[in-house]
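# Descriptive structure summary
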Amino acid sequence: MSPGSHLLARARRAGDGDGDEGLRAAVAADAVRLHRAQARIGREVVWSEVSVTIAPGEFAAILGPNGSGKTTLLRVLLGELALAHGSASVLGVPPGAPKGAIGYLPQRRHFDPGSRIRGVDLVRLGLDGARWGLPLRRLGAERVEEALELVGASAYARRSIGHLSGGEQQRLLIAQALVSRPRLLLLDEPLDSLDLPNQTAVAALLARICREQQVTVLLVAHDVNPLLPYLDRVVYFGAGRALAGAPRQVITAEALSRLYGVPIEVLHTADGRLVVVGLPEAPAQHSDRHAHSDRRAHSDRRAQSDRRAQSDCHADS
Amino acid sequence: MPAASALAGAGLSPDPISDLQQLTEYPFMVNALEAGTIVAVTAGAVGWFMVLRRQTFAGHTLSLMAFPGATFALLLGLSAAAGYFAFATVAALVIGVAGGAQSDHGGRGQVSAVTGSVQAFGLACGFLFLSLYRGVLANYESLLFGSFLGITRAQVLTLAIVAAATLGVIAVIGRPLLFASIDEGVARARGVPTRALASGFLLLLGLAVAATAQITGVLLVFALLVAPPATAQLITPRVGLGLALSIALGVFVSWLGLALAYFYGYPVGFYITTVAFAMYVIARAARAIVEHPTFLPGRAPVADAGA
């Protein structure tokens with residue numbers, strides 16, 4: 001452990017209470033930093049030579065085709081997967097160290113009607129679920145309420161979670177990730193399996209949390225468009241590498257063509273949406289499932305082939 | 001067991017106080033009531049987590065380990081309870097370790113495959129021990145379907161120690177276990193040792209099942225291990241209330257079953273199972289009516305109060 005990490009640990013403990021703005025500024029480490037990183041699963045290299053820096057308070061998206069290693073990046077940042085080469089730090093310390101300071105939302109997983117637990121209890125677990133012993137004193141009731149209010153879930157938080165809609169469940173899960181007042185929020189496809197109005201609403205909610213609570217938000221997304229108005233930074237995975245930067249710099253024909261090594265077009269629709277055309281299929285891709293899957297039909301504007309991109313554009317207009 | 005009813009006389013009277021006096025008249029019945037209460041409390045608490053984690057198949061497998069346990073104890077001349085606990089513990093460890101290692105790669109399907117293999121192997125071992133013994137397994141009925149006669153003070157004491165240990169551990173690991181049961185990925189990311197908890201919980205389940213099987217028998221363990229928790233979870237989605245209700249319902253089922261067996265003289269396992277099942281069916285029906293009030297003629301739909 002370096003002296004710096006001790007300092008940070010102390011700052012984090014002190015920061016557990018209120019009024020940690022000053023400390024947060026004092027610990028001005030990057031929220032996420034990867035330098036020439038390589039990730040492997042087994043012997044297979046998922047990506048290499050990835051360098052990413054995300055500053056505190058930024059709203060960033062991880063994009064790219066299926067199987068390009070987006071979730072792998074989250075696993076690295078959570079400390080569940082060690083890098084094969086290169087270095088990574090999260091909030092200034094090695095991945096896996098700052099557990100309480102990270103809010104995490106895995107790829108969802110829907111609670112079926114048999115899940116008999118209240119939303120408010122689920123949110124509370126985000127606060128004290130890792131503690132041993134009996135919950136003799138009810139700590140942090142107001143923090144649970146605050147998190148519920150922040151995501152607009154107070155009205156249905158006392159119902160059984162299995163009976164709520166996908167959008168309502170997602171809001172409760174975001175509240176659970178937020179209730180420990182993390183400084184970094186990692187979300188894996190938080191917009192997936194939501195309908196379009198809910199995608200827009202949840203994207204706006206996350207952006208608001210990012211700005212108001214000064215939380216760094218890093219999320220994996222299939223479709224950049226619901227997020228586009230809010231994004232500070234994107235990390236675009238493809239062809240075993242990644243490209244990071246401001247969205248208008250990364251999601252361009254030149255940059256993506258260079259990343260993939262094949263010609264790629266980026267179309268701008270009249271309503272300000274971006275359509276990426278010509279992405280090569282990732283090796284793990286099941287190319288035919290989109291034809292029958294209406295779950296993804298709306299999120300497919302990132303378009304993996306010209307034909308599909310064009311038909312999607314028509315469907316949207 | 002008609003002997004019990006002959007002792008007791010004419011069945012339940014309208015006066016519950018005198019019924020209770022009759023019920024506790026004989027020491028064997030006091031032992032049975034104490035053992036039934038201890039077992040119901042343990043099964044209610046552990047079973048609540050088991051139902052939440054959807055591990056009834058593992059629970060079933062662990063309960064069947066009483067068969068090789070009992071026959072092995074017979075072979076070595078040990079007490080049946082020692083055999084129950086030993087085999088349930090070993091099986092829980094095997095399922096926990098092998099299943100945990102598999103779940104990283106193959107998911108839940110692999111876990112249930114491991115559980116099923118353990119179950120088949122355990123039963124086969126039981127049959128082997130029985131044929132090695134070359135004798136007749138006396139009172140196999142009570143092994144399979146339970147008995148409340150002849151429970152000794154020593155047995156009650158053993159059950160109490162096992163129950164106290166089980167409940168103590170549940171109290172310590174309860175919250176992280178709840179977190180891991182509902183939301184494993186998030187719990188792991190927050191530093192909860194989910195795999196160790198999964199194996200540890202199977203051990204607790206093994207202990208609870210081995211204890212319960214001594215009253216309800218191997219085949220009827222679920223009357224106390226599943227029905228009260230499942231009923232409680234139908235009634236309330238609250239955690240603390242649900243656990244308390246699960247335990248209370250288990251004690252109620254156990255007492256009523258024992259009393260009915262005492263006064264009317266048919267096997268206790270049948271009464272306990274019937275009361276537990278009836279309770280579950282009533283809760284299920286009530287739930288359906290609450291959720292779909294339009295099923296009832298002449299009632300307008302009302303909003304779900306949300307428990």
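Residues numbered from 1 in each chain as written. Chains lettered and ligands numbered in written order. Predicted model: local features only at pLDDT ≥ 70, side-chain atom pairs only at ≥ 80, totals over all residues.

### Description of helix α6 (residues 166-178) of chain A
Residue and element names in this part refer to chain A. Which entries qualify depends on this criterion: Helix numbers and strand numbers start at the N terminus; a helix is a DSSP run of H or I with at least 4 residues, a strand a run of E with at least 2. Under the convention used throughout, the expected extent of a helix is 1.5 Å for every residue step, that is, one less than its residue count. Here a residue counts as buried when 20 or more other C-beta atoms sit within 10 Å of its C-beta, as exposed when there are 12 or fewer, and as partly exposed otherwise, the C-beta atoms being derived from the backbone. Residues are defined as contacting one another if the C-beta atoms placed from their backbone atoms lie within 7 Å.
Along its 13 residues, α6 runs 18 Å from first to last C-alpha, staying within 8% of the 18 Å computed at 1.5 Å per residue. For α6, the tally of buried residues reaches 11 of 13 residues, placing the bulk of the element in the interior. Here α6 has its buried residues at Glu168, Gln169, Gln170, Arg171, Leu172, Leu173, Ile174, Ala175, Gln176, Ala177 and Leu178. Elements in contact with the buried residues of α6: β5 (102-105), α4 (119-128), α5 (141-151), β6 (184-188) and α7 (196-212).

### Details of the packing of α4(A) against helix α9 (residues 153-182) of chain B
Operational definition: Fitted lines through C-alpha atoms serve as axes, helices being fitted only where they are in contact, and the angles separating the N-to-C directions of these axes extend from 0 to 180 degrees. Should an angle lie under 35 degrees it is considered roughly parallel, over 145 roughly antiparallel, and from 65 to 115 roughly perpendicular; all remaining angles are considered oblique. Two helices cross in a left-handed way if the nearer one is turned anticlockwise from the farther one by less than a right angle. They cross in a right-handed way if the turn is clockwise. When residues are grouped by polarity, Ala, Val, Leu, Ile, Met, Phe, Trp, Tyr, Cys and Pro land in nonpolar, Asp, Glu, Lys and Arg in charged, and all others, Gly among them, in polar.
The geometry of α4(A) relative to α9(B) is characterised by a closest axis approach of 10 Å and an angle of 125 degrees between their N-to-C directions. Taken together, the axis directions place α4(A) and α9(B) in an arrangement best described as oblique. The chirality of how α4(A) crosses α9(B) is left-handed. In this structure, α4(A) contributes Leu122(A), Leu125(A) and Asp128(A) to the contact, and α9(B) contributes Arg175(B), Leu178(B), Phe179(B) and Ile182(B). Classifying every residue of the contact of α4(A) with α9(B) by side-chain character gives 5 nonpolar, no polar and 2 charged.

### A closer look at the interface of chain B and chain A
A common way to state how big an interface is: give the accessible area lost once the parts meet. Listed by partner, the interface residues are 23 residues for chain B and 21 residues for chain A. The element contributing the most residues to the side of chain B that touches chain A is α9(B), with 9 residues. Among the residues making up the side of chain B that touches chain A, the classes are represented as 13 nonpolar, 5 polar and 5 charged.

### Remarks on the confidence of the model for chain B
All names here are of chain B. We count it as follows: Confidence of the predictor in every single residue is expressed as pLDDT, which spans 0 to 100.
When pLDDT is averaged along chain B, the result is 84, and 87% of the positions lie at 70 or above. The least confident element of chain B is helix α1 (residues 2-8), whose mean pLDDT is 45; the most confident is helix α13 (residues 227-235), at 94. Contacts from residues 1-8, a stretch scored under 50 in pLDDT, to residues over four places away or in other chains number 15 contacts. Every residue in residues 299-307 is under pLDDT 50, and counting partners more than four places away or in other chains gives 12 contacts.

### Some thoughts on the sheet that holds β5(A)
Residue and element names in this part refer to chain A. Selection rule: The rule for pairing is simple: two strands pair if DSSP sees at least two bridges between them.
Spatial ordering of the open sheet is given by β5-β6-β7-β3-β8-β9, a layout of 6 strands whose pairing is mixed. Since the sheet does not close on itself, it has two edges, and those belong to β5 and β9 (241-245), each with one partner. Geometrically, the sheet is characterised by an average inter-axis angle of 15 degrees between neighbouring strands, direction not taken into account. Two strands pair when backbone bridges link them, and strand β8 (residues 233-238) and β9 are joined in this way by 5 bridges, in the antiparallel orientation.

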